[in-house]
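The lines below spell out each chain.
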Number of protein chains: 2
Amino acid sequence: MPLIRSWIAAANAPGCPFPLNNLPLGVFTHPNRYGARCGVAIGDQILDATGLESAGLLRLSDRPVLAAPSWNALMACGPRAWGDLRAQLTTLLQADAPERASVEPFLHPMDAADLHLPFSVAEYTDFYASLHHATNVGTMFRGAENALPPNWLHIPIGYNGRASSVVVSGTDIRRPWGQLKGRDTQTPHFAPSARFDLELELGAIVGQPSQGPITVAEADDMIFGYVLLNDWSARDIQAWEYQPLGPFQAKSTATTLSPWIVMRAALEPFRVAAPRRVLPLLPHLADCGPMHYDIALDVVLEAEGRPPVTISRTNARELYYSAAQQLAHHTTSGCLMRVGDLLGSGTISGPQAGNRGSLLELSWGGETPIDIGGVSRSFLEDGDTVTLRGAAMADEYQIGFGPCSGRVLPALKDPYAR
Amino acid sequence: MPLIRSWIAAANAPGCPFPLNNLPLGVFTHPNRYGARCGVAIGDQILDATGLESAGLLRLSDRPVLAAPSWNALMACGPRAWGDLRAQLTTLLQADAPERASVEPFLHPMDAADLHLPFSVAEYTDFYASLHHATNVGTMFRGAENALPPNWLHIPIGYNGRASSVVVSGTDIRRPWGQLKGRDTQTPHFAPSARFDLELELGAIVGQPSQGPITVAEADDMIFGYVLLNDWSARDIQAWEYQPLGPFQAKSTATTLSPWIVMRAALEPFRVAAPRRVLPLLPHLADCGPMHYDIALDVVLEAEGRPPVTISRTNARELYYSAAQQLAHHTTSGCLMRVGDLLGSGTISGPQAGNRGSLLELSWGGETPIDIGGVSRSFLEDGDTVTLRGAAMADEYQIGFGPCSGRVLPALKDPYAR
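Each value, and the rule that gives it
- Residues numbered from 1 in each chain as written.
- Chains lettered and ligands numbered in written order.
- Predicted model: local features only at pLDDT ≥ 70, side-chain atom pairs only at ≥ 80, totals over all residues.
- Heavy atoms only, no water.
- Domains from an automatic or database assignment.
- Contact = heavy atoms within 4.5 Å.
- Buried area = accessible area lost by both parts, 1.4 Å probe.
- Salt bridge = Lys/Arg side-chain N within 4 Å of Asp/Glu carboxyl O.
- Helix = DSSP H or I, 4+ residues; strand = E, 2+ residues; numbered from the N terminus.
- Nonpolar A, V, L, I, M, F, W, Y, C, P; charged D, E, K, R; others polar.
- 1 Å grid on protein atoms, 1.4 Å probe; cavity = no way out; pocket = protein on both sides within 12 Å on 5 of 7 lines; lining within 4 Å.
- Points joined across faces, edges and corners; volume = space filled by probe spheres on them.
- Expected span 1.5 Å × (residues − 1).
- Buried < 20%, exposed > 50% of the residue type's maximum accessible area, 1.4 Å probe, protein only.
- Pairing = 2+ DSSP bridges.
- Axes fitted to C-alpha atoms, helices over the stretch in contact; angles between N-to-C directions.

**Examining the domain arrangement of chain A**
Residue and element names in this part refer to chain A.
- Domain parsing of chain A yields domain 1 (9–116) and domain 2 (124–409).
- Just the C-alpha atoms count here: the centres of domain 1 and domain 2 sit 29 Å apart.
- Between domain 1 and domain 2, the contact holds 28 residues from the first and 25 residues from the second.
- Between domain 1 and domain 2 lies a buried interface of about 1,900 Å² when both sides are counted; carbon and sulfur atoms form 72% of it.
- The three residues of domain 1 that bury the most area against domain 2 are Leu 25, Met 75 and Trp 82, which together make up 30% of that side's buried surface.
- In this structure, the connection of domain 1 to domain 2 is made through 0 salt bridges.
- Those elements that provide at least two residues to the side of domain 1 that touches domain 2 are strand S1 (25–29), strand S2 (37–42), helix H2 (72–77), helix H3 (79–93) and strand S5 (114–116).
- Of all the elements, H2 adds the most residues to the side of domain 1 that touches domain 2, at 5 residues.
- Among the residues making up the side of domain 1 that touches domain 2, the classes are represented as 19 nonpolar, 8 polar and 1 charged.

**With respect to the layout of surface pockets**
Residues and elements named next belong to chain B.
- The computed volume of the largest pocket comes to approximately 900 Å³.
- Surrounding the largest pocket, 30 residues form its lining, Phe 141, Arg 183, Ala 239, Trp 240 and Tyr 242 being those nearest its centre.
- It is helix H8 (residues 235–241) that contributes the most residues to the lining of the largest pocket, 4 residues altogether.
- Of the residues contributing to the lining of the largest pocket, the split by class is 16 nonpolar, 7 polar and 7 charged.

**Regarding H3(A)**
- Compared with the 21 Å implied by 1.5 Å per residue over 15 residues, the 21 Å span of H3(A) between its first and last C-alpha is a close match.
- Turning to H3(A), its buried residues number three or more, namely Ala81(A), Trp82(A), Leu85(A), Arg86(A), Leu89(A), Thr90(A), Leu92(A) and Leu93(A).

**Structural notes on the pattern of salt bridges**
All names here are of chain A.
- Counted under the stated rule, the structure contains 40 salt bridges over all chains.
- Put simply, Arg 389 and Asp 298 hold a salt bridge, and the shortest N to O gap is 3.0 Å. You can see Arg 389 sitting in strand S25 (residues 385–393) and its partner Asp 298 sitting in strand S20 (residues 296–302), a full 91 residues away along the chain.
- Linked through salt bridges whose partners overlap, the residues forming this network are Asp 197, Glu 199, Asp 231, Arg 235 and Lys 251.

**A look at the sheet that holds S1(A)**
Residues and elements named next belong to chain A.
- Pairing is antiparallel across the open sheet formed by 5 strands, whose spatial order is S4-S3-S2-S1-S5. Single-partner strands in this sheet number two, and they are strand S4 (107–109) and S5. On average, each strand axis in the sheet is tilted by 45° relative to the strand beside it, whichever way the strands run.
- The pairing of S2 with strand S3 (residues 45–48) spans 4 bridges and is classified as antiparallel. Looking at S3, one finds that Ile 42 is bridged to Gln 45.

**Topic: the sheet that holds strand S4 (residues 107–109) of chain B**
Residues and elements named next belong to chain B.
- Read from one edge to the other, the open sheet built from 5 strands follows the order S4-S3-S2-S1-S5, with strand pairing classed as antiparallel. Strands with a single pairing partner mark the edges of an open sheet, and in this sheet they are S4 and strand S5 (114–116). Each adjacent strand pair in this sheet contributes to an overall mean axis angle of 45°, direction not counted.

**With respect to the side chain of Thr50(B)**
All names here are of chain B.
- For Thr 50, the location among the structural elements is in helix H2 (residues 49–54).
- Accessibility expressed as a relative area gives 11% for Thr 50, which makes it buried.
- Every residue in contact with Thr 50, bar those within four places of it in the chain, is listed here: Arg 37, Cys 38, Leu 66 and Ala 67.

**Observations regarding the interface of chain A and chain B**
- Taken together, the contact pairs 58 residues of chain A with 58 residues of chain B.
- For the pair chain A and chain B, the summed buried area comes to about 5,500 Å², and 57% of that belongs to carbon and sulfur atoms.
- If you look at where chain A meets chain B, you find 6 salt bridges.
- Among the salt bridges present, the one from Arg162(B) reaches Asp341(A), with a minimum N-O distance of 2.6 Å.

Printed below as a string of structure tokens:
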């Protein structure tokens, strides 16, 4: 897996998250300069893809597909256009490219740009696909012997989330109010969540529509790319509301995405086989090739005025079900999938205590608070900033995701004050 | 509640579902004549509202809001424009209106038109708000003593549904495949659903956006109108998948809406108080006026080649939670609501066996199949047509919803054949 060298020096530097092999897709504004447009991260720069297309330096379809500040129109063009984009960008940006002089005016320093959601989310589905996470949570709630629900090893358990909750990294997150019930009281009360949590997930973006059931292989072909995803969760709201129809307001406050879509093609070299199957999967969900990814992930927690502390390290290969299997299952009932559907992987936890992807697991439901450099945490406190980080590591380069970050603001004092 | 008389004779006829008091909003095409446009049902005609606006006979905003075939743009204009629309239509259509000659060319016979979804569904949430339904289902699944989950009398239980599943009345519904597990087998199998069901619901359409928690009174003001809603449900898929995160593929095949949005204003005379509260609601969800509706509802089942049979009669006033309470609860966590969000009431069942809004309840889980004119039904068979009907009845007129209908097609033989 060699590095593809670029004439942009920073893209060739060891440890750069955005080498020419990556080419992740975002939407950016430059203060006092541009309205939102499509951009590509390369080294320490953003390449103005909307401008390049408009200047005739990128040709992806017979009409412009990057005119709106969203990558949905390119997704809708299909896999051939996805490949064309990467091929044309690679030609323009590789070392010694003769187009360098005409491309240079379309580069902008990344650190001066504001980043926005890179696509319009059609619908958002969240899964529950890490065996370690499901076992940890199940053990806390139902005891070790009943930890896994009977269906868990047969289907990717998922629920419909709330697309309107999706925000880009950097958006502040207001601690929610909700109906809560203590263990020792008869009746619930309405109060700010006291057990507000993060969830480390990978998000898969559906780039093509489907009608009717599709195979796992077809599903894999429909996936446009991946982002990091923090599924903010109010555990106390969840505990009271989730029976019998699942999480609802506990998960509707916010869902943060990293700002760059890492295209599936950039992750091809990092495909790995599924974990060992505890029970065989039915044929329509069976593994048909390596569809998991070796992506190192971690969670950084920064209390206000204190240095950041890495509280979890894990890997996307810990997922039991691949996004392709989740998407295939999603279509079994004939459910229509649309361009821009977002699938959250579910919290990614590994086998050890230090690999857990939520505070619920890290503090074991609050029983064993963790230390973050001298202060302790069971759940998130006001002023805490959570940052998810991810990168697929090759010998010569890495495919970085860019941070997925959000700071917790105090709950509104009176949510109904006007 | 007097009838407002119109110069369209059919609108004044006793039993007409679309008198001038109603003015429900749809989207229609006329074969060989028009692309889809906004229309209003009046008597046996559809008034071409897009054409009226374009001709300057309707003025709802400083720019056209009915140019696209959807009522979302009008919704976004807010309650004042909603009132303007009704006032202007009433002026144009009432008996002796001087505008009659200029309006007449915009009328088209309803029976020659095709009807489409009247709005673009942003997101779809489904609730579980009938005490009789929740008690029936809970009794079947958990026994009479544990029928109601502990949260049920304190919050409107709901889950996020799948907006892409929403179709207009008249759309055929393909029986879904799914992962199923029999009681006596160890492992699941993949097969067509054998327990495919209907659910009689009312759908509320959110016409204004919100950020942050809103009160019940504010929520009521945000509701644009109502439709009938059939939440097709595969009970065998649901039974296997729904723990712990709720219904998913069981409810993703299709959700059928009646084609006409009955505006909230048309239902004002039919407001009724909430049912007796078994337990007091917390202040943020408490009743603050009559926000339920007296709407007679029934379910008609028609087996292929047989006459239709009414299998259930109930009323929307049987709902324990109003749509306003559901919407207020929906926003407690800070969940953003958007124009075009759809809230399903949950299955509406009344106290008697003949008032049940699903076959699951009518046949008591298949134990006591019902008779539909010489053939029996536990769940839906291929070729069955389900029609929901609804009307609010005044002495001199009724506010009809138009039928919400769908026919069950056989499952695909091999869902993966290409």
